[in-house]
Amino acid sequence: MYICICEQVTDREIKAAINEGASSLRDLRNELGIAKECGQCGHCAKAMLKEHADHNRSERPPLPKQAPSCGSTDLFPLFGHAILASD
Amino acid sequence: MKSDLPTVKLLNRVLKNELTATNQFFLHARMYKNWGLNALNDHTYKASIKAMKQADDLIERVLFLEGLPNLQDLGKLLIGENTDEMLRGDVTLVTAMRTQLVEGIGHCESATDYVSRELLEDILEHTEDHMDWLETQLSLIDKVGSKNYLQAMM
């Protein structure tokens, strides 16, 4: 799905950028041009960054709980939460 | 008629979601049309126009309560790249709308604003109808497969 409508950037492109080393919203902005115009996508992009960071943390052994992997995570509940949180 | 500020704020938050839905459904409808999925275009286009009419009712109600309707605020559009993502994006939006409407109806009831409550109830009814339709489409994709579903929607 499209995360940044202004620049037509999809969640797959953002995930690829994060996997290649982008670790902050600034990195994503410089690389993909997101969150430059209306800024609506900033919240979702930050959530994706956080999810990736949490996932990496969970990979360090030994941890009791396994966090959901980036690939299998359903993004839509995340955005549903974002809609309500922004009210 | 002057109303309390929380009710106006609440109606403005519902208005924000209706305006978001108008735009999201409209773009999805025209994407379906562009891909030749006319059955999906027809239904989603109607949902967009309905959301716009409901936004109109909310605007009139806020003005009647001597508040200022906020047409500037718009939520994030959940635009999918394919039919499945688009349907799921719409489900996410209507689910958030439903939660907010249920809370809003409770607030109007406690504030004894029965006309606003009726307005929100009407919107809730249409929101649930649309949610039901979206969930049916997703279960159809599950049952018959994406290709068969898309062929039926041409």
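In this text the structure is predicted, and so the values were computed from the model without any measurement. Throughout this description, residue numbers start from 1 for each chain and increase along the sequence as written. For naming, the first written chain is A and the first written ligand is 1, with later ones following in the order written. The predicted origin of the model limits local features to residues at a pLDDT of at least 70 and limits the giving and counting of side-chain atom pairs to 80 or more, whereas totals for whole chains, interfaces and linings rest on all residues. Excluding hydrogens and water, the side-chain values take into account all heavy atoms of the structure.

**So, the packing of helix H2 (residues 38-64) of chain B against helix H4 (residues 114-144) of chain B**
Residues and elements named next belong to chain B.
Stage number 1. Relative orientation of the contacting elements H2 and H4 amounts to 170 degrees, with a least axis distance of 11 Å. As judged from the angle between their axes, H2 and H4 are roughly antiparallel. At the point where H2 passes H4, the crossing takes the left-handed sense. Residues Leu-40, His-43, Thr-44, Ala-47, Lys-50, Gln-54, Asp-57, Leu-58 and Arg-61 of H2 lie in contact with H4, whose contacting residues are Val-115, Ser-116, Leu-119, Leu-120, Asp-122, Ile-123, His-126, His-130 and Trp-133.
Stage number 2. Split into classes, the residues belonging to the contact of H2 with H4 amount to eight nonpolar, six polar and four charged. To define axes, lines are fitted to C-alpha atoms, for helices over the stretch in contact only, and angles between the resulting N-to-C directions are given on a 0 to 180 degree scale. For helices the rule is a DSSP run of H or I covering at least 4 residues; for strands it is a run of E covering at least 2, with both sets numbered from the N terminus onward. For this classification, under 35 degrees means roughly parallel, over 145 means roughly antiparallel, 65 to 115 means roughly perpendicular, and everything else is oblique. Here a crossing is taken to be left-handed if its near helix is turned anticlockwise relative to the far helix by less than a right angle, and right-handed if that turn runs clockwise. Throughout, a contact is declared for two residues whenever any of their heavy atoms are within 4.5 Å. Each residue gets one of three labels, nonpolar for Ala, Val, Leu, Ile, Met, Phe, Trp, Tyr, Cys and Pro, charged for Asp, Glu, Lys and Arg, and polar for the others, Gly among them.

**Overview of the nonpolar core**
All names here are of chain B.
Stage number 1. With 23 residues, the main nonpolar core has Leu-40 and Leu-87 as its most contacted residues.
Stage number 2. At the level of secondary structure, the elements contributing two or more residues to this core comprise helix H1 (5-34), H2, helix H3 (83-110) and H4.
Stage number 3. Here this core gets six residues from one element, more than from any other, and that element is H3.
Stage number 4. Not counting chain neighbours up to four residues away, the residues in contact with Leu-87 comprise Tyr-32, Trp-133, Leu-134, Gln-137, Leu-138, Ile-141 and Tyr-149. We define the nonpolar core as a collection of buried residues of types Ala, Val, Leu, Ile, Met, Phe, Trp, Tyr and Cys that are connected through side-chain atoms lying within 4.5 Å of one another. Each residue gets one of three labels from its accessible area relative to the maximum for its type: buried under 20%, exposed over 50%, partly exposed in between, using a 1.4 Å probe on protein chains only.

**What to know about the side chain of B:Arg61**
Residue and element names in this part refer to chain B.
Stage number 1. Tracing the chain through its elements places Arg-61 in helix H2.
Stage number 2. Polar contact is the term for a pair of N or O atoms within 3.5 Å; when the atoms are in protein, one must be able to donate a hydrogen and the other to accept it, and sequence-neighboring residues count only if both atoms are side-chain atoms. A polar contact is formed between the side chain of Arg-61 and the side chain of Ser-116, at a distance of 2.9 Å.
Stage number 3. When neighbours within four sequence positions are excluded, Arg-61 is seen to be in contact with Met-1, Leu-11, Asp-113, Val-115, Ser-116 and Leu-119.

**Re unusual backbone geometry**
Stage number 1. A positive phi angle, near 55 degrees, is found at A:Ala35, a position not held by glycine.
Stage number 2. Here A:Ala35 is to be found in the loop between helix H2 (25-32) and helix H3 (42-59).
Stage number 3. Of note, B:Glu66 is a non-glycine position whose phi angle comes to about 60 degrees, a positive value.
Stage number 4. Mapped onto the fold, B:Glu66 is located in the loop between H2 and H3.

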